[in-house]
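A closer look at the structure
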Amino acid sequence: MLLRSLGATLAAARVFSTKAAKVTTLGLATEKKGAGGRDTLGRRLLSLVYAKRSAAITIRKWKEEGHTVRKYELNRIVRELRKLKRYKHALEVCEWMELQYDIKLVSGDYAVHLDLISKIRGLSSAENFFENLPDKMRGPDTCSALLHSYVQNKKSAEAEALMEKMSECGFLKCPLPYNHMLNLYISNGQLDKVPQMLQELKKNTSPDVVTYNLWLAACASQNDKETAEKAFLELKKAKIDPDWISYSTLTSLYIKMELPEKAATTLKEMEKRTCRKNRVAYSSLLSLYTNMGYKDEVLRIWKKMMSLFAKMNDAEYTCVISSLVKLGEFEKAENIYDEWESVSGTGDPRVPNILLAAYINRNQLEMAESFYNRLVTKGIKPCYTTWELLTWGYLKKGQMEKVLECFKKAIGSVRKWVPDHRLITAAYNKLEEQGDIDGAEHLLVTLRNAGHVSTEIYNLLLRTYAKAGKMPLIIVERMQKDNVQMDADTQKLLKITSEMPVSEVSSIFS
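Treat the numbers as computed from the prediction; the structure is a model and nothing was measured.

With that out of the way, let us pick up the overall build of the protein. Helix and strand content of the protein: 29 helices and 0 strands. In terms of overall dimensions, the protein has a C-alpha envelope of 85 × 60 × 55 Å along the principal axes. A buried classification covers 46% of the 510 residues belonging to the protein. Expressed as a percentage of contacts within the protein between residues at least 6 apart in sequence, the contacts between residues at least 24 apart total 64%. Of the side-chain charges in the protein, 77 are positive and 62 negative, and the distance between the mean point of each set is 6 Å.

Now for helix 15 (residues 244-256). When the terminal C-alpha atoms of helix 15 are compared, their 18 Å separation across 13 residues agrees well with the 18 Å that a helix rising 1.5 Å per residue should span. The complete set of buried residues in helix 15 reads Trp244, Ser246, Tyr247, Ser248, Thr249, Leu250, Thr251, Leu253 and Tyr254. Those residues of helix 15 that are buried are in contact with helix 13 (209-221), helix 14 (225-237), helix 16 (260-272) and helix 17 (280-291). The N-capping residue of helix 15, defined by a side-chain oxygen 3.1 Å from the backbone nitrogen of isoleucine 245, is aspartate 243. The first or second residue beyond helix 15 is glutamate 258, which carries a positive phi of 60 degrees.

Moving on, we come to the nonpolar core. Within the largest apolar cluster, 148 residues are counted, with the highest numbers of intra-cluster contacts made by Leu74, Ile321, Tyr337 and Tyr428. In contact with isoleucine 321, not counting residues within four places along its chain, are Ala333, Ile336, Tyr337, Val351, Ile354 and Leu355.

Looking now at the packing of aromatic side chains. With the rule as written, the count across this model stands at 12 aromatic pairs. When the centroid spacing of 6.2 Å and the interplanar angle of 35 degrees are considered together, the rings of tyrosine 289 and tyrosine 294 count as tilted. On the basis of relative accessible area, tyrosine 289 is assigned to the buried category, the value being 2%. Judged by centre distance (5.4 Å) and plane angle (35 degrees), the rings of tyrosine 337 and tryptophan 340 are tilted. Of this pair, tyrosine 337 and tryptophan 340 both sit in helix 20 (residues 330-343), 3 residues apart, which is roughly one turn of the helix. Members of the aromatic cluster, connected to one another through ring pairs, are Phe330, Tyr337, Trp340, Tyr359 and Phe371.

Generally, phi is negative for residues other than glycine and the peptide bonds are trans, each holding for most cases. Of note, the phi angle at lysine 154 is positive, near 55 degrees, even though the residue is not glycine. Structurally, lysine 154 can be placed in the loop between helix 9 (140-152) and helix 10 (156-168). Take lysine 154: its relative accessible area is 46%, and that puts it in the partly exposed class. Positive phi outside glycine occurs at asparagine 363, with the angle close to 60 degrees. Relative to the helices and strands, asparagine 363 resides in the loop between helix 21 (350-361) and helix 22 (365-377).

Attention now goes to the pattern of salt bridges. Counted according to the given criterion, the structure contains 31 salt bridges. Here lysine 193 and glutamate 160 are joined by a salt bridge, their closest N and O atoms 2.9 Å apart. You can see lysine 193 sitting in the loop between helix 11 (176-187) and helix 12 (194-204) and its partner glutamate 160 sitting in helix 10, a full 33 residues away along the chain. Close ionic contact of glutamate 329 with lysine 332 constitutes a salt bridge, the shortest N to O distance being 3.3 Å. Here glutamate 329 falls in the buried class, since its relative accessible area comes to 15%.

We now examine the packing of helix 4 (residues 55-64) against helix 6 (residues 87-98). Packing of helix 4 against helix 6 leaves a shortest axis separation of 8 Å and a crossing angle of 50 degrees. In terms of axis orientation, helix 4 runs oblique to helix 6. Contacts between helix 4 and helix 6 involve Ala55, Ala56, Ile59 and Lys63 from the former and His89, Glu92, Val93 and Trp96 from the latter. Among the residues making up the contact of helix 4 with helix 6, the classes are represented as 5 nonpolar, 1 polar and 2 charged.

The next thing to look at is the state of the cysteines. Tallied over the entire structure, the rule returns 0 disulfides. As a non-bridged cysteine, cysteine 94 has cysteine 143 as the owner of its nearest cysteine sulfur, 18 Å distant. The buried category is assigned to cysteine 94, whose relative accessible area is 5%.

The next point concerns helix 6. For an α-helix the count is 3.6 residues per turn, leaving residues at separations of three or four pointing the same way. In a regular helix each residue adds 1.5 Å, so 12 residues correspond to 16 Å; helix 6 covers 16 Å between its end C-alpha atoms and thus fits that length. Within helix 6, the full set of buried residues consists of His89, Ala90, Leu91, Glu92, Val93, Cys94, Trp96 and Met97. On the buried face of helix 6, the contacting elements are helix 3 (41-46), helix 4, helix 5 (71-83) and helix 7 (107-121).

Now for the environment of tyrosine 254. Inspection of the secondary structure assignment puts tyrosine 254 in helix 15. On the basis of relative accessible area, tyrosine 254 is assigned to the buried category, the value being 6%. Spatially, the C-alpha atoms of tyrosine 254 and lysine 225 are 7.8 Å apart, while their sequence positions differ by 29 residues. In this view, tyrosine 254 contacts Lys225, Glu229, Leu259, Lys262, Ala263 and Thr266; residues no more than four positions away in its chain are not counted. Reaching out from tyrosine 254, the side chain makes a polar contact with the side chain of glutamate 229 at a distance of 2.7 Å.

Thresholds, definitions, all that
Residues numbered from 1 in each chain as written. Predicted model: local features only at pLDDT ≥ 70, side-chain atom pairs only at ≥ 80, totals over all residues. Heavy atoms only, no water. Helix = DSSP H or I, 4+ residues; strand = E, 2+ residues; numbered from the N terminus. Buried < 20%, exposed > 50% of the residue type's maximum accessible area, 1.4 Å probe, protein only. Contact = heavy atoms within 4.5 Å. Lys, Arg positive; Asp, Glu negative; His and termini not counted. Charge placed at Lys NZ, Arg CZ, Asp CG, Glu CD. Expected span 1.5 Å × (residues − 1). Polar contact = N/O pair within 3.5 Å; in protein donor to acceptor, adjacent residues only side chain to side chain. Core = buried A, V, L, I, M, F, W, Y, C linked by side-chain atoms within 4.5 Å. Phe/Tyr/Trp six-rings, centres within 6.5 Å; stacked < 30°, edge-to-face > 60°. Salt bridge = Lys/Arg side-chain N within 4 Å of Asp/Glu carboxyl O. Axes fitted to C-alpha atoms, helices over the stretch in contact; angles between N-to-C directions. Parallel < 35°, antiparallel > 145°, perpendicular 65-115°, else oblique. Nonpolar A, V, L, I, M, F, W, Y, C, P; charged D, E, K, R; others polar. Disulfide = S-S within 2.5 Å.

Nothing here speaks to function; it is all geometry.
Take a look at the structure:
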């Protein structure tokens, strides 16, 4: 039903290409420079930091003040908002344009609109939007946008059905839809489907650099050096310029395959293609030089980044601090963290968690505690990982009272807890080793409150009782109440503990 009229639109559909889908825009910086500080619609809309504020109201007020609203200007603003991930306001601009009789929308506009609906309201709403489009607008652009939504939601069956329909309608005239499918198969681990998709792409159109980068990524995930080099050679023969991603992927593969000379060569080529426009490439350089053990290069790249950009973001600080810790340059990592703390106002706990993990891994628990207290003083709110790290730290030292306290806070810091079986088992093993039945019962209560009680958990509890030489009370009744089944290990442990002295009735479950 969703694809019912694609065939009817074939004659009206224009040939789809990445060039046609791309909206030529000027950057925000250009507007600011040319505007000389004057008030513009773009500035008003980009200043709507809070999602509750309305872009439609802002545009209406601009018109009421006697200003003209032009479609190309709104398209540029939507592009800027999408770059900033301000999807709600971008969607409101698109919806406002759709209601204006004097603004003529083309299929590319509807494609952007569909993508934003998918991001804000979900895939089902995006499908409904596509279904209700005018027939002439249900063409290559909007089909590709819907396909991208399926890929983002990992809907393989729906994506494959749409690709088949697009093929029937002759919409597969550029590599973009194929690239979407390659991305889907790689992210889903369906690597066996990559060669066939590449073959179909080459039969109908020509690969672009994104195609080759995805192919390289598929090869790298399988440690297939020969095919990766074949793909790279084919890219060069097609007279396509490899970008920094091409060389980054090859470098990662060579590092994994322990080919340092080849990795060094491709890494240098990658660096030649790194510039201000591709800022994220610098973090990739930091990670790759770290993986090769080149600490001087890491410091050089960081220094270069500091000279190029007025302010580093949290992700970049996280990357360089992680790199220096991994390279054993702990003092330098601490110095850069101090810098982050002084200039960043985000309070993102993921940055200090790197140093906290390092202290714990180095068995410097007192340093970890002192560092945690520093975070609290600075107003940085601990996250799940913070509490988890402290739990492991106290567990190493056998300080079970603090283990239970931090573990409880870790679970309480997230809406939905995904059980960490390794941590649970390690905690119970330490409690068993100490014969701490009270601590084992406290842990059971914490797990029950989190909705995670199982046969395995009760068996771990019973082992603690057995180690302590005590018989647990009403254990069978408690298991029944928790809807937990007994297994052979449970029966065995109950038999062993039944011959031991009766434990005191704990207030935890009485």
